[in-house]
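# Fold and geometry: a report
Spelled out from the first residue to the last, the chains are:
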Amino acid sequence: MIVGVQTLAGFEKTLHYRVPERLAPLAQTGSLVRVPLLNRTRLGVIASIGAPADFPVSRLKHVLEVVHPFPAMPGDLPELARWMSAYYAAPIDTVIEAMLPASVRKGARLKTERTLRAGRPFLQGELERLEKRAPAQARLAAFLARQLVPQKKSLVLARLGVSAAAADALVEKGLAVEEERRVERTAYADALADGELVAAQPHVLNEGQRAAVEAIRRRLAAGGFGVTLLHGVTGSGKTEVYLRAIQETLERGGGVIFLVPEVALTPQTVGRLRARLEAIAPGHRCVVWHSHLGEGERLDGWRALASGEAKIVVGARSAVFAPVSDLRLVVVDEEHEPAYKQDETPRYNGRDVAVMRAKLRGALCVLGSATPSMESHANALAGKYALVELRERIDNRRLPLIHVVDMRVEAARQRTLPVLSGDLARAMRERFEKKEQTILFINRRGYSSSMLCRKCGHTEECPHCSLKMTYHRTDETLRCHLCGHQRGAPLRCPKCGSPEIRWPGLGTQRVEEAAARLLRDARVERIDTDAMARKNRLRELLAEFRAGKIDVLVGTQMIAKGLDFPNVTLVGLVDADISMHVPDFRARERTFQLLVQVAGRAGRGDRAGEVVVQTFTPSEEVIQFSRHADFAGFAASELEWRRRFGYPPQRHLILHAFRGKNPDKLAFFAEQWARLVERELAGRVELRGPVEAPIAKIEDTYRWQLWYFTNTVTRAVAELNALRARFQWPDDVIQTLDVDAMSLG
Ligand SMILES: [Zn+2]
Ligand SMILES: [Zn+2]
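Residues numbered from 1 in each chain as written. Chains lettered and ligands numbered in written order. Predicted model: local features only at pLDDT ≥ 70, side-chain atom pairs only at ≥ 80, totals over all residues. Heavy atoms only, no water.

## A few points about the overall build of the protein chain
When helices and strands are tallied, the protein chain shows 24 helices and 30 strands. In terms of C-alpha radius of gyration, the protein chain reaches 30 Å, essentially the compact-globule figure of 27 Å for 745 residues. Across its three principal axes, the protein chain shows a C-alpha extent of roughly 95 × 70 × 60 Å. For the protein chain, with 745 residues in total, the buried portion stands at 53%. Taking all contacts inside the protein chain whose residues are at least 6 apart in sequence as the whole, residues at least 24 apart take part in 74%. Accessible surface, the protein chain as shown: approximately 33,600 Å² in total, 50% of it carbon and sulfur. Positive and negative side-chain charges of the protein chain, numbering 109 and 89 respectively, have mean locations separated by a distance of 2 Å. (Helix = DSSP H or I, 4+ residues; strand = E, 2+ residues; numbered from the N terminus. Rg over C-alpha atoms; globule rule 2.2 N^0.38 Å. Buried < 20%, exposed > 50% of the residue type's maximum accessible area, 1.4 Å probe, protein only. Contact = heavy atoms within 4.5 Å. Areas by Shrake-Rupley, 256 points an atom, 1.4 Å probe, with all protein chains shown as cover. Lys, Arg positive; Asp, Glu negative; His and termini not counted. Charge placed at Lys NZ, Arg CZ, Asp CG, Glu CD.)

See below:
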């Protein structure tokens, strides 16, 4: 048997090997193998079966090992890898590496433990004789005879104070049996065990949900590839629709991938999902997959899927590559989330890969969101995706009232710029008196965004990054949020020595302080990555908040997503302008998403919710659209604007980034390169730049960038790659292509 192997060693070419007879039964397309290559042993994946046309078979080397007894990249995955490599301009070996967890590539052993159980029954008087001659053996034998299930050997020996030799002697006599047992490592096993989670009962579906389930069910029954965009307002019960679709698929014998953004993968959601899934599909195991898994846990989950033992996986981005057998449904929740984009090679978008994978497998892909991305929305408008809408919140709860506060007026009235406007402060006091809860959002951690000298206007920047440093009052430091550089906060201006330093701009710490000052008897807590440095702190805080022990929760958008607190009736967005006025063509889309998500946190219980939005630009269209939760209106205006300037989804955007230590050299080569592209690819890609990146320096490395706009990504990437191979790049300039980049640099 001759096979073509794609090695994970930086070779684009397939190399051929002979499979020895003893390994032949295990070798198939997609199998992970070890092969000799340039005097070393390398991992590879069998890409094809059959001899090469142009090489004498007798000179081929042998495959050394087949790592797993089933294909590591079954069915559609090799083809998906080739597509990703061509589309995302990533070497095929980096794509395969992203697809296969490290523990799978290493072929790590399963974790096992040795157990002991009782063997044959005692003979007449045997135990008594043993007690006299070998008391340790007798102790162990008597203990095992009382146990119903095998016991972990190391634990039993330690507890009874018995040596391994004594155990061996018992095994020798046949009085004990030693076995090896596979240990399953389960992520979040503790969260399921501690009783904090109650399996939510299946809800009675409302009319909208029933219609949505019916539409998806029809698509599933018809079979074949399709994409359905499930657009449901916040609180409309999308999850319940996903669950029914999953149930349907499992009952038909198909496999399922369920993607959620990493941030949403809290033990809370995972526990609830798993409990529900295992309840609606008895006998099915649900594998959990995310970046915080230990390698062992990941390997076990992967193996359960690859061997067909489990048919459903819930996970973050990379779960899109899970080796699910007979894949028929891929669900992508919160499909608009930028977290689906990987920010290192291969720079893929998990949502788009999910659609492609469904296409290769002839499966159904369901994309869900309360605020669909402009890309998906445009596809639905064009009829490429089927659109299913949920317009009602479950139990007919009303969307919260959104109250916009003009901070210009507020500043004039109070003669100073307050953190909390009069309206927000009043609403907070009211809630506190009624024992209801408030969430305050501010999308910046720390105390203030920068330090400003009132005398000379100096602001302090990070010496390694061209970014203003953020003031943290808790430990009186200035910190760079990019590289982590920090220094003590100065008492005088570092430039002119003036003591008149101001701290403009709001951060979580300052909002926390203002809330605590406003409500002196209330318990105010803060959730941001700084406060979460301690393990499990997030979980504790959320549990206490749910239990009503915290009155006001202050946080970044970390807490805006997917959390459900029935007693929260007031949500304040302290500074809506932070996300709106960044130089990025997606700024308005992100702001709309943020406002809608934030508003969705209020009034999820029986009580009506209220949202207060503080802004200096209350007349901005995006504020007005989100105020009425008018997605269609927002999308129409946004798509029109994108069309006019040729931004995605009108065309695809490729970001070409250059990094290096020498800024002049970087600028020179970026210019030279741009001229070459302009000459060679004129008419096929439109060029913008080169310019300095928005953050021109990070960790002492300078950054320049170019954008390409194109209608045909795969072709543009191939042409750019061919040009890149021709161009003489200096060794110390690092460049990366980011296809469908999520931000402008
Ligand atoms: Zn100064
Ligand atoms: Zn820095």
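## Digging into the nonpolar core
Of all hydrophobic cores here, the largest spans 81 residues; its most connected members are Trp-673 and Tyr-708. Apart from the residues within four sequence positions on either side, Trp-673 is in contact with His-656, Phe-658, Leu-706, Tyr-708, Leu-720, Leu-723, Arg-724, Phe-727 and Trp-729. Grouped together as the second largest cluster of nonpolar side chains are 34 residues, Leu-542, Val-571, Leu-595 and Phe-634 included. (Core = buried A, V, L, I, M, F, W, Y, C linked by side-chain atoms within 4.5 Å.)

## Section: the packing of helix α14 (residues 374–381) against helix α22 (residues 631–645)
The contact between α14 and α22 brings their axes to 11 Å, and the two run at 95 degrees. Compared by their axis directions, α14 and α22 come out roughly perpendicular. The residues of α22 that touch α14, namely those facing Met-374, His-377, Ala-378 and Leu-381, are Phe-631, Phe-634, Ala-635, Glu-638, Leu-639 and Arg-642. The class makeup of the residues in the contact of α14 with α22 is seven nonpolar, one polar and two charged. (Axes fitted to C-alpha atoms, helices over the stretch in contact; angles between N-to-C directions. Parallel < 35°, antiparallel > 145°, perpendicular 65-115°, else oblique. Nonpolar A, V, L, I, M, F, W, Y, C, P; charged D, E, K, R; others polar.)

## Section: the coordination of the zinc ion (ligand 1)
Distances from the zinc ion (ligand 1) to its protein donors, namely Cys-453 (SG), Cys-456 (SG), Cys-493 (SG) and Cys-496 (SG), fall within the range 2.3 to 2.4 Å. Note that the zinc ion (ligand 1) binds four donor atoms; their angles at the metal cover 105 to 112 degrees, and the shape is tetrahedral. As a motif over one chain, the donors of the zinc ion (ligand 1) read C-x2-C-x36-C-x2-C. Here the residue Cys-456 occupies a position in the loop between β18 (452–453) and β19 (470–472), and Cys-496 occupies one in the loop between β21 (486–488) and β22 (501–502), the gap between them amounting to 40 residues. By relative accessible area, Cys-496 is classed as partly exposed at 36%. (Donors = N, O, S within 2.8 Å, 3.2 Å for Na, K, Ca; no water. Tetrahedral: all angles 85-135°; square planar, octahedral: opposite > 155°, others 65-115°.)

## Concerning the domain arrangement of the protein chain
According to the domain assignment, the protein chain contains domain 1 (2–106), domain 2 (112–182), domain 3 (200–396), domain 4 (401–445 + 506–641), domain 5 (449–504) and domain 6 (652–739). Distance between the C-alpha centres of domain 4 and domain 5: 26 Å. The interface is formed by eight residues belonging to domain 4 together with nine residues belonging to domain 5. Interface area, domain 4 with domain 5, both sides summed: about 700 Å², of which 37% is carbon and sulfur. Counting across the domain 4 and domain 5 interface gives one salt bridge. Residue Arg-473 is joined to Glu-513 by a salt bridge in which the shortest nitrogen-to-oxygen separation is 2.7 Å. (Domains from an automatic or database assignment. Buried area = accessible area lost by both parts, 1.4 Å probe. Salt bridge = Lys/Arg side-chain N within 4 Å of Asp/Glu carboxyl O.)

## Thoughts on the sheet that holds strand β5 (residues 65–66)
Taken in spatial order, the five strands of this open sheet run β2-β1-β4-β3-β5, and their pairing is antiparallel. Looking along the sheet, the strands with just one partner apiece sit at the ends: β2 (15–18) and β5. Summarising the sheet, strand β3 (residues 32–37) and strand β4 (residues 40–49) pair through six bridges and their orientation is antiparallel. Residue pairing for β4: Arg-34 is matched across the bridge by Leu-43. (Pairing = 2+ DSSP bridges.)

## Observations concerning the confidence of the model for the protein chain
Averaged over every residue, the pLDDT of the protein chain is 85; residues scoring 70 or more account for 92%. In the model, residues 187–199 has pLDDT below 50 throughout and makes 21 contacts with residues more than four positions away in sequence or in other chains. (pLDDT = per-residue confidence, 0-100.)

## Some thoughts on the side chain of His-377
If you trace the backbone, His-377 turns up in helix α14. A relative accessible area of 14% places His-377 in the buried class. In contact with His-377, not counting residues within four places along its chain, are Leu-229, Phe-631, Ala-635 and Leu-639.

## Examining unusual backbone geometry
The residue after Thr-345, namely Pro-346, is reached through a cis peptide bond having omega -10 degrees. Inspection of the secondary structure puts Pro-346 in the loop between β13 (327–332) and α13 (350–361). Of note, the bond from Gly-689 into Pro-690 is cis; its omega dihedral lies within 30 degrees of zero at 5 degrees. Along the chain, Pro-690 falls in strand β28 (residues 686–698).

## Notes on the environment of Leu-327
Take Leu-327: it is sitting in strand β13. On the basis of relative accessible area, Leu-327 is assigned to the buried category, the value being 2%. Separated by 251 residues in sequence, Leu-327 and Asp-76 have C-alpha atoms that sit 9.8 Å apart. Residues contacting Leu-327, with those up to four places away along its chain left out, are Gly-255, Val-256, Ile-257, Arg-357, Arg-361 and Ala-363.

## As for the sheet that holds strand β10 (residues 255–259)
Pairing within the open sheet is parallel, and its seven strands lie in the order β11-β12-β10-β13-β14-β9-β15. Pairing within the sheet leaves two strands with one partner each, and these edge strands are β11 (286–289) and β15 (386–390). Taking the axes of each pair of neighbouring strands and ignoring which way they run, one obtains an average angle of 15 degrees across the sheet. The strands touched by helix α12 (residues 295–306) within the sheet are β11 and β12 (312–315), with β11 carrying the most contacts at an inclination of about 140 degrees.

## A closer look at helix α6 (residues 153–160)
Owing to its 3.6 residues per turn, the α-helix aligns residues three or four sequence positions apart on the same side. Those residues of α6 not exposed but buried are Lys-153, Val-156 and Leu-157. For α6, the angular spread of the buried residues around the axis is 95 degrees, confining them to a single face. Turned more than 90 degrees from where α6 packs its buried face, Ala-158 and Arg-159 sit exposed. Positive phi appears at Gly-161, one or two residues downstream of α6, with a value of about 65 degrees. (Arc of directions from axis to C-beta.)

## Let's talk about the packing of helix α23 (residues 663–680) against helix α24 (residues 713–726)
Direction vectors running N to C along α23 and α24 enclose 130 degrees, while the axes themselves pass 11 Å from each other. As far as their axial angle goes, α24 and α23 are oblique. Every pair of crossing elements has a handedness; the one defined by α23 and α24 is right-handed. Packed against α23, whose contacting residues are Trp-673, Leu-676, Val-677 and Glu-680, the element α24 presents Leu-720, Leu-723, Arg-724 and Arg-726 at the interface. Among the residues forming the contact of α23 with α24, the class breakdown is five nonpolar, no polar and three charged. (Left-handed = near helix turned anticlockwise from the far one by under 90°.)

## Points about the packing of aromatic side chains
Per the stated rule, a full pass over the model turns up 19 aromatic pairs. Judged by centre distance (5.4 Å) and plane angle (70 degrees), the ring pair of Tyr-242 and Phe-258 falls under edge-to-face. In this pair, Tyr-242 is assigned in helix α10 (residues 238–251) and Phe-258 in strand β10, connecting sequence segments 16 residues apart. There is no split in this pair, since Tyr-242 and Phe-258 are both buried. An aromatic cluster is present here, built from Phe-658, Phe-668, Phe-669, Trp-673, Phe-727 and Trp-729 joined pairwise through their rings. (Phe/Tyr/Trp six-rings, centres within 6.5 Å; stacked < 30°, edge-to-face > 60°.)

## With respect to the pattern of salt bridges
A complete count under the given rule lists 40 salt bridges for this structure. We note a salt bridge from Asp-326 to Arg-328, for which the minimum N-O separation is 2.6 Å. Residue Asp-326 is classed as partly exposed on the basis of its relative accessible area of 34%. For Arg-684, the salt bridge goes to Glu-719, with nearest N and O atoms at 3.0 Å. In this pair, Arg-684 sits in the loop between α23 and β28 while Glu-719 sits in helix α24, placing the two residues 35 residues apart along the sequence. Residue class for Arg-684 comes out partly exposed when judged on its relative accessible area of 32%. Accessibility expressed as a relative area gives 21% for Glu-719, which makes it partly exposed. In this structure, a network of salt bridges that share partners links the residues Glu-214, Arg-217, Glu-248 and Arg-252.

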